[in-house]
Amino acid sequence: MYKVDLPVEQSLEKAVERRRSAETARKARIFNTRIRVMGLDLDALNQQVQEKKHQQNMEIQRGNAFDTLGEYHNKALLQQDIDEREKRAALHTDLTQYWATHQRKEDSHDADLKCGLKGAFRITIPEGELGPASMKIFQGEGIGEEQRRREQMKKTDRDLRAQKEDKEKRHMGDKHRDMLVSKELVHQDLRGVQQNALEGECKKAARIALDNYNQALAAERAEKLKEQHRQEERENLAEMQHTLTSDIMTECAEVAKREVEGGRPPRVLVDKWKGMSPEQLSAIHREREEQRLEKQRQRDAEKIQDAAWELQLLKLSREAEEQERRVEELRREKRTQTDLYNTQLAREQQAYQEYLNKKLYTNKPSKEYFYQFNTGSR
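Reading the values: the criteria
Residues numbered from 1 in each chain as written. Predicted model: local features only at pLDDT ≥ 70, side-chain atom pairs only at ≥ 80, totals over all residues. Heavy atoms only, no water. Helix = DSSP H or I, 4+ residues; strand = E, 2+ residues; numbered from the N terminus. Contact = heavy atoms within 4.5 Å. Areas by Shrake-Rupley, 256 points an atom, 1.4 Å probe, with all protein chains shown as cover. Salt bridge = Lys/Arg side-chain N within 4 Å of Asp/Glu carboxyl O. Buried < 20%, exposed > 50% of the residue type's maximum accessible area, 1.4 Å probe, protein only. Patch = residues over 30% accessible without salt bridge, like charges linked within 9 Å, V, L, I, M, F, W, Y side chains within 5 Å. Lys, Arg positive; Asp, Glu negative; His and termini not counted. Charge placed at Lys NZ, Arg CZ, Asp CG, Glu CD. pLDDT = per-residue confidence, 0-100. Polar contact = N/O pair within 3.5 Å; in protein donor to acceptor, adjacent residues only side chain to side chain.

1. So, the overall build of the chain
Stage number 1. Of regular secondary structure, the chain possesses seven helices and two strands.
Stage number 2. Here the contacts in the chain between residues at least 6 apart in sequence split such that 43% fall between residues at least 24 apart.
Stage number 3. With the model as given, the accessible surface of the chain reaches about 35500 Å², and the carbon-plus-sulfur share is 55%.

2. Focus: the pattern of salt bridges
Stage number 1. Counted by the stated rule, this structure contains 17 salt bridges.
Stage number 2. Between Asp81 and Arg85 there is a salt bridge, and its shortest N-O distance comes to 3.2 Å. With Asp81 and Arg85 both in helix H3 (residues 42-102) and four residues apart, the pair spans about one turn of that helix.
Stage number 3. With relative accessibility at 39%, the residue Arg85 sits in the partly exposed group.

3. Some words on a positive patch on the surface
Stage number 1. Taken together, the side chains of Arg150, Lys154, Lys155, Arg158 and Arg161 make up a positively charged region of the molecular surface.
Stage number 2. Its location among the elements puts Arg150 in helix H5 (residues 145-245).
Stage number 3. Under the relative-accessibility criterion, Arg150 is labelled partly exposed at 43%.

4. Overview of the confidence of the model for the chain
Stage number 1. Put simply, the chain has an average pLDDT of 80, and 75% of its residues get 70 or more.
Stage number 2. Within the chain, the element-level pLDDT minimum falls on helix H4 (residues 111-114), averaging 57, and the maximum on helix H6 (residues 278-360), averaging 91.
Stage number 3. Every residue in residues 1-6 is under pLDDT 50, and counting partners more than four places away or in other chains gives zero contacts.
Stage number 4. Here residues 117-121 is a poorly scored stretch, pLDDT under 50, and it has eight contacts once near neighbours within four places are set aside; other chains count.

5. Comments concerning a nonpolar patch on the surface
Stage number 1. Together, Tyr352, Tyr355, Leu360 and Tyr361 line one region of the surface with nonpolar side chains, adding up to about 470 Å² of accessible area.
Stage number 2. The exposure class of Tyr355 is partly exposed, given its relative accessible area of 40%.

6. Observations concerning the environment of Thr156
Stage number 1. Looking at where Thr156 falls in the secondary structure, it is placed in helix H5.
Stage number 2. Within the structure, the side chain of Thr156 is placed 2.8 Å from the backbone oxygen of Gln152, a separation counted as a polar contact.

Quick look at the structure:
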């Protein structure tokens, strides 16, 4: 015969292990004097742990938010710089195009002198009929024109080079300033990290001190509870001894009464009193019922008063809403009237502008208007 190892059922083995673990935990709980006498406030401890975790998560999220905000500000500054440069380049391009389109040298008033009458207006009147007032250039006036133009071009080149150098210097200054700002931000981030590390160390030290203080308080509380327990045991033993050796265990009700001279009711001995009679109990029940009815009447009166106050408040709130609605309607009507008045003014201004452009300033001067001047010497 061969020995065969049969597989052990896993569920049965797990159940046995679970029962053993439960029994071990139960023994540890029962034979632990501190837990049995003092007990643990697990809810408070769990709440403290949750609050600590929540605080740490909030600190981490705040740090991440600060980092994200710093990165956003850096990106915004870089994007603003790029947009400003692009705007300047576009403005320069538009200005150059405007010069080339609307301020050409050929369109100037002295184009006939500088460009050989290219694009200039020609006078059709014979030169013999023109007087001295029609002359544009005199003898000796154009001497040194080329030299002056070359000097002017050289000066323009020098000004352009000076502007370019100034622009490069400003650009370098901006780059240097941006580099200084970046370094300052890095230093601030490093200081923030160092401050966070110091703050973490301080919190750790404070947490350790708080733990030590809590342990000391727990030990002191345990000692007080032990002393209180011993005192209660002594008092309970004394009370049991007094109860067993006194007349309180008898069933006679007359033991608790003592006659008093002068026709007054008998005095009750407290240590021997066995309870109240049915008449006394019924009187107490009647008094309690009367008190309950009086309390119910007071509650009803308070409810009626509260309802009246609520109605008054509701009335006041409705009046306030009505007043606010009227004010809003008046404001809306005023705004509508203002819009209508502005619209009317805009229409009048547009009509006046159309009158100026289409009716008043329509008579443009012709060539014959200019030909009637400078036709003689007087």
